[in-house]
Amino acid sequence: MVYADHAATTPLDRDAFEAMCPFLLEDYGNASQPYSFSIASRKALKQARMTVASCIKALPEEIYFTSGGTESDNWAVKGIMMGKKGSLITSQIEHHAVLHACNAMEGLGIQVECLPVDRNCVVQPRVLENRITQDTGLVSIMMVNNEVGSIQPIERLSRIAHENGAWFHTDAVQAVGHMEIDVNHLGIDMLSASAHKFNGPKGIGFLYVRKGTRIQPYADGGAQEAGLRAGTENVAAIVAMAVALKKNCDHMRENQIKMRKLEQILEDILRKEKINYIRNGNLGIPGNISLSIRGAEGEVLLHRLDLKKIYISTGSACNSRNTEISHVIKAMKVPEDYAEGTIRISFGTENTEEDAVEVARALVEIMNGTK
């Protein structure tokens, strides 16, 4: 088979898996307990927090472990805006974890504004400058779009937010582990990440919260995560996440070069065979390729490729039951005769050049009706 849907989830790194095992089978003590059997868990938790922090140039005490990107996004939006008046600003292309969290705040009386994007799926800073007011409490703009891979100008956007007295959050689920991130250089207050997007286990992630950011607790109960997120820590998954993230960061440049090569191979074949398509977004995160093929239906392409044991997406995996044109493609104003044929191919580190050739040739065969 050829798995080319890494923007949906990635295979668990073997080193990360092996790092989990001792904390599932041997050193399974509750990290909050004071006795000696829990020392290994406490040390592992501390080391993992330091490792994760170093990968985004943060302080260890600014890292809060969560169940993944959705929880982190919800916590950032609701933890800042709950109980407050005013407004918050996001964009039309956000993941539904942010959009629906904003909708919940709107139901509580918070004014929500969704900024448009340009043809390359980028939020232009001048648009934020024109829309933000002194009543804006939070700006939440994703770092990399999950459907088309476009990279947003986060440093400039966060500066505008701060100049107007607002906090700034970025959903970096598609970015962490795949591009260099320095939270201090970017000037952000909060950042969301999910381990299964960078070869860690599912069900674990983190929220970076800059020191001094006034955020409400996510869950009440015990004193875990500095009293802001109660609940016994999933030490095994946290350890695995740290191993996977550091490994991706250590090999980031070579991974990026490889992903660009796979992109080039795929598109060279499609162009040579005169497939009529649009590449959506700017030249964003390496390996995430959104194609809108004229005259095709994305859902049909997905199932035809599935029969060939090639696995891709029609867009966001979280929208797999929705066959309508995605909100991202609509926001970009992709022409209708192309938009219905939108698919997302997202390569990962285990993919080969032969995989890219196989995906491209399969698409050509389907579009030409030869097989």
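Details of the structure are given in the entry above.
Structure report, in brief. (Residues numbered from 1 in each chain as written. Predicted model: local features only at pLDDT ≥ 70, side-chain atom pairs only at ≥ 80, totals over all residues. Heavy atoms only, no water.)

Re helix α9 (residues 252-272)
Next up, step 1: Over its 21 residues, α9 runs 30 Å from end to end, which matches the ideal 30 Å to within 8%, given 1.5 Å per residue.
Next up, step 2: Three or more residues of α9 are buried, namely Met 252, Asn 255, Gln 256, Met 259, Leu 262, Glu 263, Ile 265, Leu 266, Glu 267, Ile 269 and Leu 270.
Next up, step 3: Positive backbone phi, approximately 60°, marks Lys 274, located one or two places after α9. (Helix = DSSP H or I, 4+ residues; strand = E, 2+ residues; numbered from the N terminus. Expected span 1.5 Å × (residues − 1). Buried < 20%, exposed > 50% of the residue type's maximum accessible area, 1.4 Å probe, protein only.)

Focus: empty space enclosed by the protein
Next up, step 1: Scanning all chains against the criterion turns up one cavity of 30 Å³ or more.
Next up, step 2: Of the voids in this model, the largest cavity is the one considered here, and its volume is about 300 Å³.
Next up, step 3: Taken together, the residues that form the lining of the largest cavity break down as six nonpolar, 14 polar and two charged. (1 Å grid on protein atoms, 1.4 Å probe; cavity = no way out; pocket = protein on both sides within 12 Å on 5 of 7 lines; lining within 4 Å. Points joined across faces, edges and corners; volume = space filled by probe spheres on them. Nonpolar A, V, L, I, M, F, W, Y, C, P; charged D, E, K, R; others polar.)

What about the packing of helix α3 (residues 69-81) against helix α4 (residues 96-106)?
Next up, step 1: Look at α3 against α4: their axes get within 9 Å of each other, and the N-to-C directions meet at 30°. By the angle between their directions, the pair α3 and α4 is classed as roughly parallel. α3 and α4 meet at a crossing whose hand is right-handed. Facing Thr 70, Asp 73, Asn 74, Val 77, Lys 78 and Met 81 of α3, the residues of α4 in contact are Ala 97, Val 98, Ala 101, Cys 102, Ala 104 and Met 105.
Next up, step 2: Of the residues that constitute the contact of α3 with α4, the class distribution is eight nonpolar, two polar and two charged. (Axes fitted to C-alpha atoms, helices over the stretch in contact; angles between N-to-C directions. Parallel < 35°, antiparallel > 145°, perpendicular 65-115°, else oblique. Left-handed = near helix turned anticlockwise from the far one by under 90°. Contact = heavy atoms within 4.5 Å.)

Some points on the side chain of His 196
Next up, step 1: Along the chain, His 196 turns up in the loop between β7 (190-194) and β8 (205-209).
Next up, step 2: Here the side chain of His 196 touches Thr 9 through a polar contact of 2.8 Å, side chain to side chain.
Next up, step 3: Excluding its chain neighbours within four sequence positions, the residues that come into contact with His 196 are Ala 8, Thr 9, Thr 10, Pro 201 and Lys 202. (Polar contact = N/O pair within 3.5 Å; in protein donor to acceptor, adjacent residues only side chain to side chain.)

Some thoughts on the pairing of β8
Next up, step 1: Taking burial as the measure, the five residues of β8 include five buried ones, the bulk of the element.
Next up, step 2: Here β8 shows a buried face lined by Gly 205, Leu 207 and Val 209 and a second buried face lined by Phe 206 and Tyr 208.
Next up, step 3: Across four bridges, strand β2 (residues 63-66) lies against β8 in antiparallel orientation. Considered in β8, the bridge of Ile 63 is made with Tyr 208.
Next up, step 4: Pairing of β7 with β8 involves five bridges; the strand directions are antiparallel. Note that in β8 the partner of Ser 194 across the bridge is Gly 205. (Pairing = 2+ DSSP bridges.)

Some points on helix α13 (residues 353-368)
Owing to its 3.6 residues per turn, the α-helix brings residues three or four apart onto one side.
Next up, step 1: Taking 1.5 Å of rise per residue, the 16 residues of α13 would be expected to cover 22 Å, and the 23 Å separating its terminal C-alpha atoms lies within 8% of that figure.
Next up, step 2: Of the residues making up α13, those classed as buried are Asp 355, Ala 356, Val 359, Ala 360, Ala 362, Leu 363, Val 364 and Ile 366.
Next up, step 3: Along its buried surface, α13 packs onto β1 (2-3), α9, α10 (298-307), β11 (310-311) and β12 (342-346).
Next up, step 4: In the stretch just after α13, Gly 369 is the one whose phi turns positive, near 65°.

What to know about the nonpolar core
Next up, step 1: Counting 70 residues, the largest nonpolar core has Met 143, Ile 181, Leu 191 and Phe 206 as the members making the most contacts within it.
Next up, step 2: Looking at this core, the element that brings in the most residues is helix α8 (residues 235-250), giving ten residues.
Next up, step 3: Setting aside its immediate chain neighbours within four residues, Met 143 contacts Ser 150, Ile 151, Gln 152, Ile 154, Thr 170, Asp 171, Ala 172, Ala 175, Met 179, Ile 181, Leu 186 and Leu 191. (Core = buried A, V, L, I, M, F, W, Y, C linked by side-chain atoms within 4.5 Å.)

Remarks on the pattern of salt bridges
Next up, step 1: Counted under the stated rule, the structure contains 16 salt bridges.
Next up, step 2: Arg 131 serves as the salt-bridge partner of Glu 113, at 2.8 Å between the closest nitrogen and oxygen. Highlighted residues: Glu 113 in strand β4 (residues 111-115) and Arg 131 in helix α5 (residues 125-131), separated in sequence by 18 residues.
Next up, step 3: Across the pair Glu 263 and Arg 279 runs a salt bridge whose closest N-O atoms are separated by 3.2 Å. Separated by 16 residues along the polypeptide, Glu 263 in helix α9 and Arg 279 in strand β9 (residues 277-279) bring together distant segments of the chain. (Salt bridge = Lys/Arg side-chain N within 4 Å of Asp/Glu carboxyl O.)

Things to note about the pairing of β12
Next up, step 1: Where burial is concerned, most of β12 is hidden: five out of the five residues are buried.
Next up, step 2: Side chains Thr 342, Arg 344 and Ser 346 of β12 all project onto a buried face; the interleaved residues Ile 343 and Ile 345 project onto the opposite face, where all are buried too.
Next up, step 3: In this structure, strand β10 (residues 288-293) lies alongside β12, joined through five bridges in antiparallel fashion. Note that in β12 the partner of Leu 291 across the bridge is Ile 343.

Re the sheet that holds β9
Next up, step 1: Spatially, three strands are ordered β9-β10-β12 in an open sheet, and the strand pairing comes out antiparallel. In the strand order of this sheet, the two ends are held by β9 and β12, each with one partner. The average angle at which neighbouring strand axes cross in this sheet is 25°, direction not considered.
Next up, step 2: By the bridge criterion, three bridges tie β9 to β10 in an arrangement that is antiparallel. Looking across to β10, one finds that Arg 279 is bridged to Leu 291.

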